[in-house]
Amino acid sequence: MKFLPADFYLKIYYEYYVGKKLDLENPIEFNQKIQWLKAYYRPPILTQLVDKYEVRKYVEEVVGAKYLNELIKVYDRSSAVNFDELPEQFVIKAVHGYHFNLIVEDKSKLNRTKARFLFKKWMSKNQYSRGGQEWAYKNVKPRLIAEKYLSEMGKAAINDYKFFCFSGSPTFVQVDLDRTTGHVRSYYSSDWQKLDFATIGIKPFSGELEKPKNYDEMLEVATKLAGKFPFVRVDLYNIDGAILFGEMTFYPTDGRMDFIPDSYNTTIGNYMTLPKVPDGQKYITDI
């Protein structure tokens, strides 16, 4: 079977989902530049950084192991998960994608058959490098990891801080609240001033959020992890004053969820300076 070249496929894919033309020769908006990164930005380290297990080594080296949640077990096969060996509360994630999470607050109430079916489904294929051409996931080995259940995981009020970093600088932070019930979202500048844009499809939070007391430390962690990448989103949790790493992503929402008002798609796109593909090469392979 002959496949379409990634850049050609992305133009069709982007227009189908977003309803806008994609000019990879001159991308302007944020999500258009995300598509460009999919097509042409391919440093091998990206494969490690999107892998929820392998990224732990990077986090430990750059900012320290204290920012990592406790790892209980790593599984190469879904059938290897032994629930009897796990504590009464735990979380199981697939390392090669997002939204592949099983949060277990009470093991006695877990439907193990359903959970095993879910794990098998997660492990069956690496879909993100296919559907959306998210190159960084292409060579990630599908695995499952079990992590410590965090005390606030079952609460609707847990906040997820997602730092949008451009050329190593956290420019603004997306805060997601009530992920398990009535998901709402708010945006703040790096100096914690509320911003007046939103994401299509996600209800904006109407109130004001209190800045975390150790917010400066969160900025420092995000800055160090962001390195020299033209763009990366660094996700952190702040639970009872403890900062914990969530994940790093180079293609938020697959680069197909626009901001509103529409003008902000260009405003945020202007924050990103795309590197130049070296002469004679198809892709960028160096940071």
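Higher on the page you've got the structure.
Overview of the structure.

### Section: the overall build of the protein chain
- Across its full length, the protein chain holds eight helices and 12 strands.
- Expected size for 287 residues packed as a compact globule is a radius of gyration near 19 Å; at 19 Å, the protein chain falls within 12% of this value.
- In terms of principal-axis extent, the alpha carbons of the protein chain reach across some 55 × 50 × 35 Å.
- Across the 287 residues of the protein chain, 52% fall into the buried class.
- Counting only contacts in the protein chain whose residues sit at least 6 apart along the sequence, the fraction spanning at least 24 positions is 62%.
- Only carbon and sulfur atoms are counted for the fraction: they give 50% of the accessible area of the protein chain, which is about 14500 Å².
- Positive and negative side-chain charges of the protein chain, numbering 41 and 37 respectively, have mean locations separated by a distance of 6 Å.

### Concerning the pattern of salt bridges
- In total, this model carries 22 salt bridges according to the counting rule given.
- Asp160 serves as the salt-bridge partner of Lys162, at 3.1 Å between the closest nitrogen and oxygen.
- Between Arg233 and Asp235 there is a salt bridge; the shortest N-O distance is 2.8 Å.
- The exposure class of Arg233 is buried, given its relative accessible area of 8%.
- Exposure remark for Asp235: the relative accessible area of 2% places this residue in the buried category.
- Shared partners join several salt bridges into a network, and the residues in it are Lys52, Asp160, Lys162, Arg233, Asp235 and Glu247.

### Considering the packing of aromatic side chains
- Within this structure, the stated rule accounts for 28 aromatic pairs.
- Judged by centre distance (5.0 Å) and plane angle (65°), the rings of Trp192 and Tyr215 are edge-to-face. Here Tyr215 lies in helix H7 (residues 215-226) and Trp192 lies in the loop between strand S7 (184-189) and strand S8 (198-199), a separation of 23 residues in the sequence.
- Here the aromatic residues Phe30, Phe164, Phe166, Phe172, Tyr187, Phe197, Phe231, Phe259, Tyr264 and Tyr271 are joined through ring pairs into a cluster of three or more.
- When the ring centre of Tyr283 is taken as origin, the NZ or CZ atom of Arg42, which lies over that ring, is 4.0 Å away.
- Across the ring face of Tyr17, the terminal group of Arg256 is positioned such that the distance to the ring centre comes to 4.0 Å.

### Structural notes on the sheet that holds strand S4 (residues 144-148)
- Strands sit in the order S1-S4-S2-S3 across an open sheet of four strands; the sheet is antiparallel. Only two strands of the sheet have a single neighbouring strand rather than two, namely strand S1 (71-75) and strand S3 (101-104). Taken over all neighbouring pairs, the strand axes of this sheet differ in orientation by 15° on average, direction set aside.
- One ladder, built from four bridges, connects S1 with S4; its direction is antiparallel. Counted as the bridge partner of Tyr75 is Leu144 from S4.

### Description of unusual backbone geometry
- Each neighbour pair has its own omega, and for Ile260 with Pro261 the value is -5°, a cis peptide bond.
- One non-glycine residue with positive phi stands out, namely Ser167, at about 50°.
- Checked against the element boundaries, Ser167 lands in the loop between strand S5 (160-166) and strand S6 (169-177).
- In the Ramachandran plot, Thr253 falls in the positive-phi region, its phi being about 50° despite a non-glycine side chain.

### Description of the packing of helix H1 (residues 6-18) against helix H2 (residues 30-40)
- For the pair H1 and H2, interaxial distance at closest approach is 10 Å and the crossing angle is 155°. Between H1 and H2, the angle falls in the class roughly antiparallel. Remark: the crossing between H1 and H2 carries right-handed chirality. Residue-level contacts link Asp7, Leu10, Tyr13 and Tyr14 of H1 to Asn31, Gln32, Gln35, Lys38, Ala39 and Tyr40 of H2.
- In terms of residue class, the contact of H1 with H2 is made up of five nonpolar, three polar and two charged.

Conventions we followed
Residues numbered from 1 in each chain as written. Predicted model: local features only at pLDDT ≥ 70, side-chain atom pairs only at ≥ 80, totals over all residues. Heavy atoms only, no water. Helix = DSSP H or I, 4+ residues; strand = E, 2+ residues; numbered from the N terminus. Rg over C-alpha atoms; globule rule 2.2 N^0.38 Å. Buried < 20%, exposed > 50% of the residue type's maximum accessible area, 1.4 Å probe, protein only. Contact = heavy atoms within 4.5 Å. Areas by Shrake-Rupley, 256 points an atom, 1.4 Å probe, with all protein chains shown as cover. Lys, Arg positive; Asp, Glu negative; His and termini not counted. Charge placed at Lys NZ, Arg CZ, Asp CG, Glu CD. Salt bridge = Lys/Arg side-chain N within 4 Å of Asp/Glu carboxyl O. Phe/Tyr/Trp six-rings, centres within 6.5 Å; stacked < 30°, edge-to-face > 60°. Lys NZ or Arg CZ within 6 Å of the ring centre and 35° of its normal. Pairing = 2+ DSSP bridges. Axes fitted to C-alpha atoms, helices over the stretch in contact; angles between N-to-C directions. Parallel < 35°, antiparallel > 145°, perpendicular 65-115°, else oblique. Left-handed = near helix turned anticlockwise from the far one by under 90°. Nonpolar A, V, L, I, M, F, W, Y, C, P; charged D, E, K, R; others polar.

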